[in-house]
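Observations on the model geometry
Below are the chains, spelled out letter by letter.
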Amino acid sequence: MDEAKSEEAWRPKPGVINMNMITEAINRMVEDEVPGNVIDEEEGYRLHEITHIYLEHLDIYRIDHLWVLPALTILKLTGNNIQKIENLDALVNLVDLNLSFNRIENIENLNHLAQLRHLSLFSNLITELANLENLKNLKIFTIGGNKIEDKQCVLHLRKLNLFSLNMADNPCATEEDFRTFVAAYLPNLEFYEYKKVTEEERESGRKTNLKELEALEREEAKAVKERQLAKIEADKEELYSRAFVEGLDKDQLYEAMINSDPSGQAMLLIGDEVQEIFRIFQEEIGNATTEIFNIGLEQLNLRDTEVQMFQEGTQDAIMKGRAKQRLILETFLASKAVMFVEMDDLWEVMAKQTSDESMRRHSIDEKVERANAMCTTVKQELLGLELTLSEQLKEVFAQFERNLGDMVNTFIETAQGFFTIMREHETVFSEQLGDLASRYLTQLTIRNEDLSNLPAALRPVMVDKEAVNQAVASSHDIHLQTIDNREDQLMSRIRTWYQKLCNDYEQEETARFRGRVNEIVMFLEMQIKEFEQFQVNIEDEMGLLMMTENS
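Residues numbered from 1 in each chain as written. Predicted model: local features only at pLDDT ≥ 70, side-chain atom pairs only at ≥ 80, totals over all residues. Heavy atoms only, no water.

1. Some words on the overall build of the protein chain
What counts here: Secondary structure elements follow DSSP: runs of H or I of four or more residues count as helices, runs of E of two or more count as strands, with numbering from the N terminus. A simple rule labels every residue: compare its accessible area, found with a 1.4 Å probe on the protein chains alone, to the largest value its type can have, and call it buried under 20%, exposed over 50%, or partly exposed in between. Contacts were defined at the residue level, with two residues in contact if any of their heavy atoms lie within 4.5 Å. Here, Shrake-Rupley sampling with a 1.4 Å probe gives the accessible areas, and only protein chains in the shown set may cover a residue.
Check the secondary structure of the protein chain and you find ten helices and eight strands. Going through the 551 residues of the protein chain one by one, you find that 39% of them count as buried. Taking the intrachain contacts of the protein chain between residues at least 6 apart in sequence as the baseline, contacts between residues at least 24 apart amount to 57%. For the protein chain, the computed accessible surface area is about 30,900 Å², with 51% contributed by carbon and sulfur atoms.

Written out as C-alpha cells, the structure reads:
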C-alpha cells in the first residue's frame, strides 16, 4: 500500500472530529484571540497544553480524537449532528462541556469526567436522566428542550449537589406544579430556569408531595446507613486481613469444617448427645481462634508502630544528611562565584601588565587547577557524607529487619500453639464421636432397627461397623485438613508480607543511594566543565589579544 492509500485508510470520514478539524479550530481561536489558551508567538502551541476548544456548527456527527487534548477544561460542541456522547474518557480535567443543539438520545460515557461543573445538553433527543452519579462536582446542569416525560426522573438528581438546573421545554416541565416539585425534591438547588428558588416554593412542593418525600427520605436514610455499615465492615475486613486473622473473629473456621464434612453432618442426626459434643467442639475451636484473632490485632499494632518509627527515623537521617550537603554546596557555590571574579580580574590585570603569553596562561591554569581541586574536594565530601548516610541507614534497616522478624516469628509461634490446641481438641472430639456413633450402631443392631427409618443422610453411615469407622475417619481428616490449611495460610501470608516489605525497603534505599551519587557526580562534572569553558573563553580572548598586539 503506497503512502497516499495508507493515509486515506486511517483518515476519519467527513463529519468525524479529526486532527485537521482540531488544528483548524485552535488556529481560529488564536486568530480571534479567544481567551483561555496561552499561545507562545515563537513556539506556537502544544496540544497537551490546550485548555479550550470550540467545535461548533461543523456538521459533526461523531466525537473522536479529543484524547490528544488531555488538558481541556472547556469543550463546546454545540450546533452539530452528534448522536452519541463518546470518546471523552481522557478529558479528566474537563470543567465545562456544552453539547447543546445536537441529536443525542442518551446521557452516557461521562463517568470519567469527575471534575465537570457545567454540563449543557439543551435541545437534544434525551428521554431520561441517567448515568450522572459520578459527576459529584456538577453544579450547573442545562437539559431543557429535550423529550423527558416522567417528572420522577428529577429524583435521579438528588444524588448530585446542583446549584442551578434548567429543564424547560421538556414534556414533564409543562405540568403546573413542576417548579415546586423540583424545589421540594432538590433541597440544595438555588436556581431553576435561572430564577432563584424561594423557600415558599420549596415548602409548597414539600406539602404537596409530603407522603412520597418522607417515604423517599426513609429509603435514602436506610441506604446511607447500609453503606455506612458496609464501609465499617469493609474497613474491619481490611484491618483483619492486614493482621492476617481474617475469618478468625467468629466461628468461621468451625463452620468451614462442618460445611465440608458430610459425614459429620450426617452423624449430627444421631441425637442430643452427639449434638452436645459438636457444641463443645465449636466452643473450643472458637476460643482458640479468638485468641489468635486478638493476638493478631495486638501484633499488627506493634508492627505498624515499628514500621512508622523506622520510616520516620530514616527520613530524619536523610533530611539531616541533605542539610549537611546543602551547607557544603552553598559554601562551594559562594567560593565558585568568587573564583570566577578572581579569574576574570586576573585576566584583565595580566592583559594590562604583561604581554608574556606563557605567564598569562600559567596564571590562568593555576586558577583552573585550583578550581578543579575544589570541585574534587567537594565531590569527595558529598560522596563521603552520602556513603556514611547509606551505611547508617543499612544499620538502621538491619535492626528494623531483626525487630520486625522477631515480631513475625513471635506471632507465628503463638498462633501455631493455638492451632496445635485445636488439633488436640479435634482428636478428642473425633474419639468421642466414634464412641457415640458405635454405641448408636450397637443399639440399632440390638433393636434390629430397619435403616429405612433413619434420616436419609445417616443411613449409609450406619450400615455396619466399618462404615461408621470410615465416616468418623473421614470427618477427622477433613477437620484436620481445614485447620492445617488455615495455619498454612496465616504463616505463608505474613512471611510473604515480611519478605516483600524488607525487599522493597532495601531496593528503595539502593535506588536512592545510586540516584543521589549520580546527582552529585553529574553536578560536579558540570561545575568542572563551567570552569573549563571559562578557561577556553579566556584563551580565545588571549588569542585575539595576541593577534592585535602582533598587528
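2. Section: helix α5 (residues 210–242)
Counted only if it meets this: Helices are assigned an expected span. That span is 1.5 Å times one less than the residue count.
Taking 1.5 Å as the rise per residue, α5 with 33 residues should run 48 Å; its terminal C-alpha atoms sit 47 Å apart, in good agreement. Considered for burial, the residues of α5 that qualify are Leu 213, Leu 216 and Tyr 240. Phi turns positive one or two residues past the end of α5, at Phe 244, with a value near 65°.

3. Re the layout of surface pockets
Applied cut-off: Grid points spaced at 1 Å over the protein atoms alone were grouped into cavities, where a 1.4 Å probe fits but cannot get out, and pockets, open sets with protein on both sides within 12 Å along at least five of seven lines, with lining residues defined by an atom within 4 Å of a point. Grid points are joined across faces, edges and corners, and a volume is the space filled by probe spheres set on the points.
The calculated volume of the largest pocket comes to roughly 370 Å³. Around the largest pocket sit 17 residues that line it, and Leu 393, Tyr 505, Glu 506, Glu 508 and Glu 509 are the ones nearest its centre. Looking at the lining of the largest pocket, the elements that each hand over two or more residues are α8 (272–353), α9 (357–446) and α10 (465–550). Examining the composition of the lining of the largest pocket, we find that seven residues originate from one element, α10, more than from any other.

4. Some remarks on the nonpolar core
Here is the rule: Residue types Ala, Val, Leu, Ile, Met, Phe, Trp, Tyr and Cys, when buried and joined through side-chain atoms within 4.5 Å, form a set referred to as a nonpolar core.
Counting 59 residues, the largest nonpolar core has Phe 141 and Met 167 as the members making the most contacts within it. Secondary-structure elements contributing two or more residues to this core are α2 (19–31), α3 (178–185) and α5. At six residues, the largest contribution of residues to this core is made by α3. Residues Leu 300, Phe 397, Val 408 and Val 472 belong to the second largest nonpolar core, which totals 57 residues.

5. Side note on the state of the cysteines
Each disulfide consists of a covalent bond between the sulfur atoms of two cysteine residues. The condition is simple: Note on terminology: disulfide denotes any pair of cysteine sulfur atoms within 2.5 Å.
Applying the stated criterion across every chain yields a total of zero disulfides. With no disulfide of its own, Cys 153 lies closest to Cys 172 among cysteine sulfurs, the gap being 5.0 Å. Accessibility expressed as a relative area gives 0% for Cys 172, which makes it buried.

6. Digging into the packing of α3 against helix α4 (residues 199–208)
Our working definition: Note on geometry: axes are C-alpha line fits, over the in-contact stretch for helices, and angles between N-to-C directions span 0 to 180 degrees. The scheme is simple: roughly parallel for angles under 35 degrees, roughly antiparallel for over 145, roughly perpendicular for 65 to 115, oblique for anything else. Any residue outside Ala, Val, Leu, Ile, Met, Phe, Trp, Tyr, Cys, Pro, Asp, Glu, Lys and Arg is labelled polar, Gly included; the first ten of those are nonpolar and the last four are charged.
Direction vectors running N to C along α3 and α4 enclose 90°, while the axes themselves pass 7 Å from each other. Here α4 runs roughly perpendicular to α3, going by the angle between their axes. Seen from α3, the contacting residues are Arg 179, Thr 180, Ala 183 and Ala 184; seen from α4, they are Glu 201, Arg 202, Ser 204, Gly 205 and Arg 206. Here the residues of the contact of α3 with α4 sort into two nonpolar, three polar and four charged.

7. What to know about the pattern of salt bridges
How we decide: Each reported salt bridge corresponds to a side-chain nitrogen of Lys or Arg within 4 Å of a carboxyl oxygen of Asp or Glu.
Counted by the stated rule, this structure contains 27 salt bridges. Linking Lys 159 and Glu 133 is a salt bridge whose minimum nitrogen-to-oxygen distance equals 3.9 Å. In this pair, Lys 159 is assigned in the loop between β5 (140–142) and β6 (164–166) and Glu 133 in the loop between β4 (118–120) and β5, connecting sequence segments 26 residues apart. The exposure class assigned to Glu 133 is partly exposed, which follows from its relative accessible area of 28%. The salt bridge partner of Asp 304 is Arg 242, with a shortest N-O separation of 2.7 Å. A residue pair is termed long-range when its members are at least 10 positions apart, and Asp 304 in helix α8 and Arg 242 in helix α5 qualify at 62 residues. Residue Arg 242 is classed as partly exposed on the basis of its relative accessible area, which comes to 35%.

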